[in-house]
Amino acid sequence: MTDKVLDLDFGTTIQLRYFSLARYALAEAFLVLGLRPGDKVLLPEYVCRDLLASLHQLSLTPVWYEIDEKLSPSQPPTSWPEAKVVLAIDYFGFEQDLNPFFSYSKRTGAVVIEDNAHGFLSKSSAGHFLGTRATFGLFSFRKTLLIGHGAALAVNTQHTKL
């Protein structure tokens, strides 16, 4: 028997940076990536205004990809507009297929950020924690647990040398 209340193993390639809110963690990811005012960030057409606040804070330009009724991209990534970053959202803690995003990244050089702000502790069908499968991932613990400083940016050193 273990005395740990919660034993999360994100693996040795995941470094967590803690923030009060996920929108601040997202802004930090943009800063770490060296994005400058006017740089484009590719987003799904269904996002919350808090996420957009991160872009507005840094004067970044949102561009959009269409989604279907299952909240997945409705068009192939070859038709998505060019951007320096592409955001994949695990809506409500349900796994988003990241293959189209990685395909887009390979073609354009865009960095993939996995937004799992609404699904802390959710796992993919392969058993990986959502929010840890891309270069950066977002968590919002406070939406699952009643805590004050409840967000984190996961930096996957397997995908980046940051």
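Computed from a predicted structure; not experimentally measured.

*Asks:* What is the right way to read the pairing of strand E4 (residues 85–89) from this model?
*Replies:* On a regular strand, one side chain projects to one face of the sheet and the next to the other, so that they alternate. Extensive coverage of E4 is indicated by the burial of five of its five residues. What you see with E4 is no split at all: Val85, Leu87 and Ile89 on one side and Val86 and Ala88 on the other are buried throughout. Sheet analysis places strand E2 (residues 40–44) next to E4, joined by two bridges and oriented parallel. Each residue of the ladder has a partner; that of leucine 42, found in E4, is valine 86. Direction of pairing for E4 relative to strand E5 (residues 111–116): parallel, over a ladder of five bridges. Looking across to E5, one finds that valine 85 is bridged to valine 111.

*Asks:* Which parts of the structure should I look at to understand the side chain of serine 124?
*Replies:* Among the structural elements, serine 124 can be located in the loop between E5 and strand E6 (136–139). In this structure, serine 124 is in contact with Glu95, Leu130 and Arg133, ignoring residues within four places of it in sequence.

*Asks:* Can you walk me through the nonpolar core in this structure?
*Replies:* One finds Phe30, Val41, Leu42, Val86, Phe101, Ile113 and Leu153 to be the most contacted residues of the largest nonpolar core, which totals 40 residues. The greatest single-element share of this core, amounting to six residues, is contributed by helix H1 (residues 22–32). Other than its neighbours up to four places away in sequence, phenylalanine 30 contacts Leu35, Val41, Ser54, Leu55, Leu58, Leu60, Val85 and Ile113.

*Asks:* Explain a nonpolar patch on the surface to me, please; I cannot follow it from the model alone.
*Replies:* A surface patch of nonpolar side chains, about 390 Å² in accessible area, is lined by Tyr46, Phe92 and Phe94. With respect to the secondary-structure elements, phenylalanine 92 resides in the loop between E4 and helix H3 (99–108).

*Asks:* Mind showing me how you'd approach H3 here?
*Replies:* Three or four residues apart is the spacing at which side chains of an α-helix point the same way, because the helix has 3.6 residues per turn. Within the sequence span of H3, burial applies to Pro100, Phe101, Tyr104 and Ser105. On an axial view of H3, the arc spanned by its buried residues comes to 140°, and they lie on one face. Facing away from the buried side of H3, by more than 90 degrees, are the exposed residues Asn99 and Lys106. Buried residues belonging to H3 abut E2, strand E3 (61–65), E4 and E5. Downstream of H3 by a residue or two, glycine 109 has a phi angle that is positive, lying close to 85°.

*Asks:* It is not clear to me how H1 should be interpreted in this structure. Could you clarify?
*Replies:* Turning to H1, its buried residues number three or more, namely Ala22, Ala25, Leu26, Ala27, Ala29 and Phe30. Just beyond H1, the residue with positive phi is glycine 34, at close to 75°.

*Asks:* Any chance you could explain the packing of H1 against helix H2 (residues 49–57) here in plain terms?
*Replies:* Relative orientation and spacing of two packed helices are given, respectively, by the angle between their axes and the distance between those axes. Packing of H1 against H2 brings their axes to within 9 Å, and their N-to-C directions diverge by 35°. Regarding H1 and H2, the two cross each other, and that crossing is right-handed. Mapping the contact onto sequence places Arg23, Leu26, Ala27 and Phe30 in H1 and Asp50, Leu51, Ser54, Leu55 and Gln57 in H2. Taken together, the residues that form the contact of H1 with H2 break down as five nonpolar, two polar and two charged.

The rules behind each value
- Residues numbered from 1 in each chain as written.
- Predicted model: local features only at pLDDT ≥ 70, side-chain atom pairs only at ≥ 80, totals over all residues.
- Heavy atoms only, no water.
- Buried < 20%, exposed > 50% of the residue type's maximum accessible area, 1.4 Å probe, protein only.
- Helix = DSSP H or I, 4+ residues; strand = E, 2+ residues; numbered from the N terminus.
- Pairing = 2+ DSSP bridges.
- Contact = heavy atoms within 4.5 Å.
- Core = buried A, V, L, I, M, F, W, Y, C linked by side-chain atoms within 4.5 Å.
- Patch = residues over 30% accessible without salt bridge, like charges linked within 9 Å, V, L, I, M, F, W, Y side chains within 5 Å.
- Areas by Shrake-Rupley, 256 points an atom, 1.4 Å probe, with all protein chains shown as cover.
- Salt bridge = Lys/Arg side-chain N within 4 Å of Asp/Glu carboxyl O.
- Arc of directions from axis to C-beta.
- Axes fitted to C-alpha atoms, helices over the stretch in contact; angles between N-to-C directions.
- Left-handed = near helix turned anticlockwise from the far one by under 90°.
- Nonpolar A, V, L, I, M, F, W, Y, C, P; charged D, E, K, R; others polar.

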